[in-house]
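Residue-level structure breakdown
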Amino acid sequence: MASTQAAAVGEKAPTKNPTLLAWVAKMAQMTQPDSIVWCDGSEEEKKRLTDQAVKEGILIPLNQQKRPGCYLHRSNPNDVARVEHLTFICTPNKTDAGPTNNWMDPDEAYTKLGQHFDGAMKGRTMYVVPYAMGPIGSPFTKIGVELTDSVYVVLNMRIMARMGKQALDMLGDSDDFNRGLHSTGDVNPDRRYICHFPQDNTIWSFGSGYGGNVLLGKKCLALRIGSYLGREEGWLAEHMLILGVTSPKGETTYVAAAFPSACGKTNFAMLIPPAEEYKGWKIETVGDDIAWMRPGPDGRLYAINPEAGYFGVVPGTNYKTNPNAMETIAKDTLFTNVAMTADGDVWWEGKDGEVPDELTDWQGRPWKKGSTEKAAHPNSRFTAPMSNNPVLSSKANDPMGVPISALIFGGRRSNTVPLVIQAFNWTHGVFLGATMGSETTAAATGKVGVVRRDPMAMLPFCGYHMGDYLQHWLDMQKAIPQLPKIFQVNWFRQDKNGKFVWPGFGDNMRVLEWIVNRVHGRVPTKETLLGWVPRSDEGLNLKGLDISAEAVAEATSIKEDEWKAELKSQEVFFEQLGTKAPEALMLQRKLLISRLET
Ligand code: O2Y
Ligand code: MN
């Protein structure tokens, strides 16, 4: 097949783009697939590939009465999450990747992975998946093409991005597209690599079939490569949800919020305000995970969600924590690594209702109620089209995006960080983002419950030196005449018995309302050493909330001894950045120390 490859690629290809054809031919020559299928994103294609995946046991049809259009996939048990230790930024100079990324020399990476890719698709089909990150025709949008031997990847990509003919048409004859190559290989963790080549706008992923490692539009292009392009081109690629808050008077305010993995980000993006106290208020989702933001012609910062679907964590999702997510996953959803009920529905820990007596667990084994093992994997996922979301913003497909009035940085901290703080100014806000920390969960492999520094929630996703990234944020101040206000939030503060002191979920609307009021200059604040916080008299709306005064005090408290420890921990992070730690942030640190000392 290899010798006639270029012709075969060309004849069947629905494009004449010479750069694309030559690249597909070159990759096919290396990987040697039995056949090449160009994906058009049509309904017919979806049906054909779904039927094929069912026949091959890659997808298990769920009860179509209960979950129309839904399927279950079980990944290899050794392949259930992003693999940060196997994720590399391959820049010519090691310093360009920075101390927080794994680095590999590009030549070495191409050679090493090339050996794995060599013949890896023999006996398999190579799918050519053109996709757009962002609305078709938007000036924000970037085109990628992923070559993959996984039909599961194709079916996920068609949910997560605008995939197929529309993307190919937008690309036209341009050579400006991300070149993504993926092979599941033999799913051996010893031969698993996720390599990013920012200078070549290229991603090579080998040896995984799961999520963030293989759906290359998401973390790889939209964040790692995107952040690199953002710096080159003067915009921001961020790990942020985007939502619109509409008041009963019809005023809509858009905010973007960064949270590390598994901090209730999807819940916040789809929040339902408390019914009684917030009659007439509406939250609408523009995006649940990623924001691309650039200054608009009116001087405001505009954001799009580059994705078209949600790849959300399933466990803990229920009609109390996130009714809109439950509706979103009621149909046309791919579930990965959840448990299955006897009648072909899905189940997971934290789902509404009784725990069934018997299930099939995420690995396909019989499971009985009371078992010490989880029935669904803690990082089990849904892939659902954003169009299923009952509160999807009408602006989610707007090519111009939405104007952002507030940026919010959040994290999971059981102590130290109070419920909400407003930054004194842009530089101080960047400092708040840069010093974010969060207690780890299952989404990234590693220990659970340990605080790790996670600047702007971008630690695993920044495609270049973190010091340069923070400097880029500082530099953006000059490019945005009407800067958004910056806030820090923490829903996860605990009392001495380990109980959450803030109710969270829908009641986070109270914090959001304060943020919106601050943005529009409508409420006074109290100045503290950390920033501006809600006043106890004209501050947060706590009407109808069953919470003691002590709990509110605890959630909003600033404890000096905790902050002294926090500053030490922040210092360790800044020291890592060496001479690239931005001077302006070092000054912010000194100011905080002096406020703490006086
Ligand atoms: O574990 C994975 O492969 C997925 S990680 C993920 C998926 C959707 C949104 N965010 C994340 C994340 O880790 O931030
Ligand atoms: Mn994420």
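Here the structure is a predicted model, which means the values were calculated and not measured.

**Structural notes on the overall build of the protein chain**
- Each helix and strand in the protein chain was counted, giving 17 helices and 31 strands.
- Along the longest, intermediate and shortest principal axes, the C-alpha atoms of the protein chain span 75 × 55 × 45 Å.
- Among the 598 residues that make up the protein chain, the fraction classed as buried is 61%.
- Sequence-distant contacts in the protein chain: of pairs separated by 6 or more residues, those separated by 24 or more amount to 73%.
- When the accessible surface of the protein chain is split by element, carbon and sulfur atoms take 51% of a total near 22,900 Å².
- Across the protein chain, the centroid of the 64 positively charged side chains sits 2 Å from that of the 68 negatively charged ones.

**Details of the packing of helix α16 (residues 560–577) against helix α17 (residues 583–597)**
- Relative orientation of the contacting elements α16 and α17 amounts to 160°, with a least axis distance of 11 Å. For the element pair α16 / α17, the angle class is roughly antiparallel. The handedness of the crossing between α16 and α17 is left-handed. Residues Glu560, Trp563, Lys564, Leu567, Gln570, Glu571 and Phe574 of α16 pack against Leu585, Met586, Arg589, Leu592, Ile593 and Leu596 of α17.
- For the contact of α16 with α17, the class distribution of residues is eight nonpolar, one polar and four charged.

**Here we look at the sheet that holds strand β2 (residues 60–61)**
- The five strands lie next to each other as β2-β3-β19-β24-β18, forming an open sheet whose pairing is mixed. Of all strands in the sheet, those with a lone pairing partner are β2 and β18 (309–313), marking the two edges.
- Both β18 and strand β24 (residues 381–385) contribute to a ladder of five bridges, which runs antiparallel. Counted as the bridge partner of Gly312 is Phe382 from β24.
- Sitting on the sheet, helix α6 (residues 151–160) touches β3 (71–73), β18, β19 (334–336) and β24, and the angle it makes with β18 is about 115°.

**Examining the side chain of Ser150**
- When you line up the elements, Ser150 lands in the loop between β7 (142–148) and α6.
- Each residue touching Ser150, except ones within four places of it in the same chain, is listed here: Tyr127, His182 and Thr184.

**Observations concerning the pattern of salt bridges**
- For the structure shown, the criterion picks out 37 salt bridges.
- Put simply, Glu84 and Arg82 hold a salt bridge, and the shortest N to O gap is 2.9 Å.
- Residue Arg82 is classed as buried on the basis of its relative accessible area of 9%.
- For Arg365, the salt bridge goes to Asp361, with nearest N and O atoms at 2.9 Å.
- What makes Asp361 buried here is its relative accessible area of 2%.
- A network of salt bridges, in which partner residues are shared, links Lys218, Lys219, Lys265, Asp289 and Glu307.

**A closer look at the environment of Thr50**
- Assignment of secondary structure puts Thr50 in helix α3 (residues 43–55).
- Counting along the chain gives 221 residues from Thr50 to Leu271, while the straight-line C-alpha distance between them is 32 Å.
- Residue contacts for Thr50: discarding those within four places in its chain leaves Leu59, Tyr71 and Leu155.
- Here Lys46 takes part through its backbone oxygen, which lies 2.6 Å from a polar atom of the side chain of Thr50.

**Description of unusual backbone geometry**
- The phi torsion at Asn201 lies on the positive side, around 50°, for a residue other than glycine.
- At Thr416, a residue that is not glycine, the phi angle is positive and equals roughly 70°.
- Structurally, the position occupied by Thr416 is in the loop between β25 (402–410) and β26 (420–422).

**With respect to the site of ligand 1**
- Among the 15 residues in the neighbourhood of ligand 1, the closest are listed as Arg82, Gly212, Lys219, Ser261 and Asn379.
- Between ligand 1 and the protein, one listed contact pairs an oxygen atom with a backbone N or O atom of Gly212 at 2.8 Å.
- His239 is positioned with one of its side-chain polar atoms (N or O) 3.1 Å from an oxygen atom of ligand 1.
- In isolation ligand 1 offers 360 Å² of accessible surface; the protein chains occlude 95% of this area.
- Mapped onto the shell around ligand 1, the elements with two or more residues apiece are α8 (211–214) and α9 (217–233).

**Re the packing of aromatic side chains**
- The full count for this structure, using the stated rule, is 23 aromatic pairs.
- Among the aromatic residues, those joined into a ring-pair cluster are Tyr110, Phe117, Phe197, Trp204 and Phe206.
- Geometry around Phe140 places Arg294 over its ring, the cationic atom sitting 5.1 Å from the centre.
- In this arrangement the basic side chain of Lys351 is found over the ring face of Trp348, its NZ or CZ atom lying 5.3 Å from the centre.

**Observations concerning α9**
- Compared with an ideal rise of 1.5 Å per residue, which puts 17 residues at 24 Å, α9 spans 19 Å between its outermost C-alpha atoms and falls more than 12% short.
- Most pronounced at Gly226, the bend in α9 amounts to some 50°.
- Of all the 17 residues making up α9, 14 are buried; the element is thus mostly covered by neighbouring parts of the structure.
- The first or second residue beyond α9 is Gly234, which carries a positive phi of 85°.

**Observations regarding α3**
- For α3, spanning 13 residues, the distance from its first C-alpha to its last is 18 Å, which sits close to the expected 18 Å at 1.5 Å a residue.
- Of all the positions in α3, only Glu45, Leu49, Thr50 and Ala53 are classed as buried. The buried residues of α3 occupy an angular sector of 125° when the element is viewed end-on, so they sit on one face. α3 presents Glu43, Lys47 and Lys55 as exposed residues on the side facing more than 90 degrees away from its buried surface.
- Contact partners of the buried residues in α3: β1 (35–38), β3, β6 (125–133), α6 and β8 (162–163).

**Some words on the nonpolar core**
- Judged by nonpolar contacts, the single largest core of 95 residues is most densely connected at Met240, Met293, Ile404, Leu407, Tyr469, Trp473 and Leu585.
- Per element, the largest residue contribution to this core is eight residues, and it comes from α6.
- The contact partners of Trp473, leaving out residues within four places of it in the chain, are Leu236, Glu238, Met240, Leu407, Phe409, Trp426, Val430 and Met456.
- Within the second largest apolar cluster, 37 residues are counted, among which are Phe259, Leu512, Trp514 and Ala551.

The rules we used
Residues numbered from 1 in each chain as written. Chains lettered and ligands numbered in written order. Predicted model: local features only at pLDDT ≥ 70, side-chain atom pairs only at ≥ 80, totals over all residues. Heavy atoms only, no water. Helix = DSSP H or I, 4+ residues; strand = E, 2+ residues; numbered from the N terminus. Buried < 20%, exposed > 50% of the residue type's maximum accessible area, 1.4 Å probe, protein only. Contact = heavy atoms within 4.5 Å. Areas by Shrake-Rupley, 256 points an atom, 1.4 Å probe, with all protein chains shown as cover. Lys, Arg positive; Asp, Glu negative; His and termini not counted. Charge placed at Lys NZ, Arg CZ, Asp CG, Glu CD. Axes fitted to C-alpha atoms, helices over the stretch in contact; angles between N-to-C directions. Parallel < 35°, antiparallel > 145°, perpendicular 65-115°, else oblique. Left-handed = near helix turned anticlockwise from the far one by under 90°. Nonpolar A, V, L, I, M, F, W, Y, C, P; charged D, E, K, R; others polar. Pairing = 2+ DSSP bridges. Salt bridge = Lys/Arg side-chain N within 4 Å of Asp/Glu carboxyl O. Polar contact = N/O pair within 3.5 Å; in protein donor to acceptor, adjacent residues only side chain to side chain. Near = heavy atom within 4 Å. Phe/Tyr/Trp six-rings, centres within 6.5 Å; stacked < 30°, edge-to-face > 60°. Lys NZ or Arg CZ within 6 Å of the ring centre and 35° of its normal. Expected span 1.5 Å × (residues − 1). Bend = angle between axes of the 7 residues up to and from the residue. Arc of directions from axis to C-beta. Core = buried A, V, L, I, M, F, W, Y, C linked by side-chain atoms within 4.5 Å.

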